[in-house]
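One letter stands for each residue in the lines below.
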Amino acid sequence: MNTPVITDTMNKDFVLAVEGLTVSFDGFKAVNDLSFYVDENEIRVIIGPNGAGKTTVLDLICGRTKATTGSIKFKDQELTRMKEHEIVRAGVGRKFQNPSIYEDLTVFENLEISYPKGRSVVGALTFRRDAPVKERVQEIAEMIFLADQLDQRAEYLSHGQKQWLEIGMLLIQDPELLMLDEPVAGMSVSERKKTAELLHTIIKNRSVIVIEHDMKFVEDIAHKVTVLHQGKILSEGPMAKVQADPKVIEVYLGH
Amino acid sequence: MTKTGRTFFLRPQDMIGIAILAILLLVVLPLTLDNFRLQFVGKYLTYAFVALGLVLCWGYAGILSLGQGVFFGLGGYCMAMFLKLEASSVENTKIQTTPGIPDFMDWNQITQLPWFWEPFHHLGFTIIAVLVVPAIFAFVVGFAMFKRRVGGVYFAIITQALAAILTILIVGQQGYTGGINGITDLRTLNGWDIRTDSAKTILYFVCVGLLLASILLAYFVKSSKLGRILVAMRDKEDRVRFSGYDVSNFKVFVFCLAASLSAIGGAMFTLQVGFMSPSFVGIVPSIEMVIYTAVGGRLSILGAIYGTLLVNWAKTSFSESFPELWLFGLGGLFIAVVLTFPNGIAGLYQTYVAPRLGPLFGGAAKRSDATPPAPPSSGHAPAAAE
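It should be emphasised that the depicted structure is a prediction, and the values quoted were computed from it without experimental measurement. (Residues numbered from 1 in each chain as written. Chains lettered and ligands numbered in written order. Predicted model: local features only at pLDDT ≥ 70, side-chain atom pairs only at ≥ 80, totals over all residues. Heavy atoms only, no water.)

Moving on to the packing of aromatic side chains. Aromatic ring pairs are defined here through the distance separating the ring centres and the angle between the ring planes. Residues and elements named next belong to chain B. Counted according to the given criterion, the structure contains 25 aromatic pairs over all chains. Ring geometry for Phe155 against Phe255: centres 5.2 Å apart, planes inclined by 75°, an arrangement best described as edge-to-face. Here Phe255 lies in helix H11 (residues 247–273) and Phe155 lies in helix H6 (residues 152–172), a separation of 100 residues in the sequence. On the accessibility criterion, Phe155 (1% relative accessible area) is buried. Grouping aromatic residues by their ring pairs yields a cluster made of Tyr47, Phe72, Phe269, Phe275, Phe280 and Tyr292. A cation sits over an aromatic face here: Arg37 above Phe40, 5.9 Å from the ring centre. (Phe/Tyr/Trp six-rings, centres within 6.5 Å; stacked < 30°, edge-to-face > 60°. Helix = DSSP H or I, 4+ residues; strand = E, 2+ residues; numbered from the N terminus. Buried < 20%, exposed > 50% of the residue type's maximum accessible area, 1.4 Å probe, protein only. Lys NZ or Arg CZ within 6 Å of the ring centre and 35° of its normal.)

Our focus in this paragraph is the sheet that holds strand S5 (residues 77–78) of chain A. Residue and element names in this part refer to chain A. Read across the sheet, four strands follow the order S2-S1-S4-S5 without closing on themselves; strand pairing throughout is antiparallel. In this open sheet, the two strands that pair with only one neighbour each are strand S2 (28–38) and S5. Here five bridges tie strand S1 (residues 16–25) to strand S4 (residues 69–74), and the two strands are oriented antiparallel to one another. Across the sheet, residue Leu16 finds its bridge partner in S4, namely Phe74. Contacts from helix H1 (residues 54–62) reach S1, S2 and S4, with the element oriented near 70° to S2. (Pairing = 2+ DSSP bridges. Contact = heavy atoms within 4.5 Å. Axes fitted to C-alpha atoms, helices over the stretch in contact; angles between N-to-C directions.)

Residues Ile128, Leu131, Val132, Ile136, Phe139, Val140 and Phe143 of chain B make up a contiguous nonpolar surface patch of roughly 620 Å² in combined accessible area. For Val132 of chain B, a relative accessible area of 35% puts it in the partly exposed group. (Patch = residues over 30% accessible without salt bridge, like charges linked within 9 Å, V, L, I, M, F, W, Y side chains within 5 Å. Areas by Shrake-Rupley, 256 points an atom, 1.4 Å probe, with all protein chains shown as cover. Salt bridge = Lys/Arg side-chain N within 4 Å of Asp/Glu carboxyl O.)

Quick look at unusual backbone geometry now. Residues and elements named next belong to chain A. Although it is not a glycine, Asp33 adopts a positive phi angle of roughly 50°. Of note, Asp33 is situated in strand S2. According to the relative accessible area criterion, Asp33 is exposed, its value standing at 53%. Positioned with a positive phi, Lys75 is a non-glycine residue whose angle comes to about 50°. Structurally, the position occupied by Lys75 is in the loop between S4 and S5. Overall, Lys75 belongs to the partly exposed group, its relative accessible area being 35%.

Let's shift gears to the nonpolar core. If you look at soluble globular proteins, the nonpolar side chains tend to sit buried side by side. Ranked by internal contacts, the top residues of the largest apolar core, which has 172 residues, are Leu111 and Leu165 of chain A together with Leu25, Leu45, Ile215 and Phe250 of chain B. Counting residues per element, this core draws most heavily on helix H2 (residues 35–60) of chain B, which supplies 17 residues. Once you skip the residues sitting within four places of it in the chain, Ile215 of chain B turns out to touch Ile18, Leu21, Leu52, Ile301, Leu302 and Ile305 of chain B. Residues Leu16, Val18, Val38 and Val92 of chain A belong to the second largest nonpolar core, which totals 33 residues. (Core = buried A, V, L, I, M, F, W, Y, C linked by side-chain atoms within 4.5 Å.)

Here we come to the UniProt feature "transmembrane region" (unreviewed entry) in chain B. All names here are of chain B. In this numbering, the UniProt entry assigns the feature "transmembrane region" (unreviewed entry) to residues 15–33, 45–67, 123–146, 153–172, 202–221, 242–269, 289–313 and 325–349. Spanning residues 202–221, this segment combines 100% helix with 0% strand, and its end C-alpha atoms are found 29 Å apart. In residues 325–349, the share of helix is 84% and the share of strand is 0%. The end C-alpha atoms are 29 Å apart. (UniProt positions renumbered as here; feature names shortened; annotations may be inferred.)

What follows deals with the pairing of strand S3 (residues 43–47) of chain A. All names here are of chain A. Burial runs high along S3: five of the five residues are buried. Where burial is concerned, the two faces of S3 agree: the one with Ile43, Val45 and Ile47 and the one with Arg44 and Ile46 are both buried. Here S3 pairs with strand S8 (residues 207–211) via four bridges, running parallel. Residue pairing in the sheet places Val45 in a bridge with Val210 of S8. The sheet contact formed by S3 and strand S9 (residues 224–229) spans four bridges and is parallel. By the bridge assignment, Arg44 is partnered in S9 with Lys224.

Laid out in structure tokens, this is it:
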């Protein structure tokens, strides 16, 4: 299962080092020999046409899909051999494309469940809703513009608010690597602006991988852009360089 | 009984609900029913333990088990083995070829008590076994299935198969289990004759006491963070996993808890009714127990208790007059509940009655978070199936 180890001294500084990553579904290689590195405090945006394998890359990193070959190293831990909850506990947070929140619970309870304490069965039974928990939930709720909706059941939130809630659920875990799958998709213009503002505050002191189609938004936040096409990297670099790349223009940016 | 102050364990309306049930079971029914009818209620209440387990397992966590009869039976058989050994003393069985062993073993040419019967000479061991044996069995099954992410309909089918397998095993191993007749002719519990009317009345109150304690336990689990994680899992299992929880552990836990609760019911059944047989283990009783829960409301702890009482009361009165039609009636009732009021009697109560009662209890009607509503119900497999 393991490919020849390509580790050299340089990957020491990277928060995330993906090397030779391949996953094949019945022979179809959704991600094909992919390598990329994410620095500390870097905002990396992954763009690409539909079916390029963007979401699959996030699935592979967070353990939802098992890699066929290749390695994913997060701070010198091999994620491909870890279970999902272990990866989360190691410090990787993942937001799904569709808002993935607990509709039957209140906003407070949604955040409380995500609070990184009492994660075992016994821990959950004896978990107390004490002052630090309440304060942290309050703090996060203010960040995600939901402070006055804490007792609201999550199913009654608007689409944009649900997206914020899920971002809040990740923030309360304080992950070192945050992965966001289309955080502004389906949002109104004003919600989009607020989300950009929110992302600017939360990306401090952590590395972030974002999948996004909205080019204005990408331009606004990206340090570096990776363009995927048919499971492979088509181009990588600062936004300006990628935008000028003729290959990228042909398959993705177009016209 | 409960902690005071700002506790999340029991809300005022829960306490009122439990108090009403306690008064009904401890005062009203014993005063109004004759001994014969009260013993029926006692028998129904043993199924209520199973229904309670199903509320946690199926209603909250979304794990539909069609094999709860297995655990009811294991608990019942553990208790029956103890009682049978006590009834099979050497004096009582001196006409047998081998005195001192249960009569059915003697009929099956077994001349020595099997090793797994030996520890059931002790009441202490038996009580622990009632709780632990089903939990271990549930742990093995749950661990094997939930770690492999078997869920939903597949899980339900496998539990149903287990119910069938255990029944066949019990029937087939007549010499060790009493076969199709079960373990009968139980007489005394540590010398106390359980067949008298007064003993049955006392056992009724013990049963109610244990049920109320189990209800409190269920409320405790429900109101802990674990209870909310179960609901979250039913809704978005992946999100729970990606919040750092090992989802399978929580499923195993709730499945084991439901198994132990069912087993208490089984043991109380054996004590009150005086025998245990494979007819309480198989597929049909297991499904009936799911129906009790569905009718009462699978999201409501108290609803499931009332559902059990009501369906069983209907079963007894109907099958006295139309024995052939009863099973059709039960099936029809289940379909009607699933189609028209998926949250059962408790759902109806909360929609129509509670809002009117609200002013009486000063805000008790604010039940928005009282029971997390069911996921859009199609059929009887909840959303966590996916």
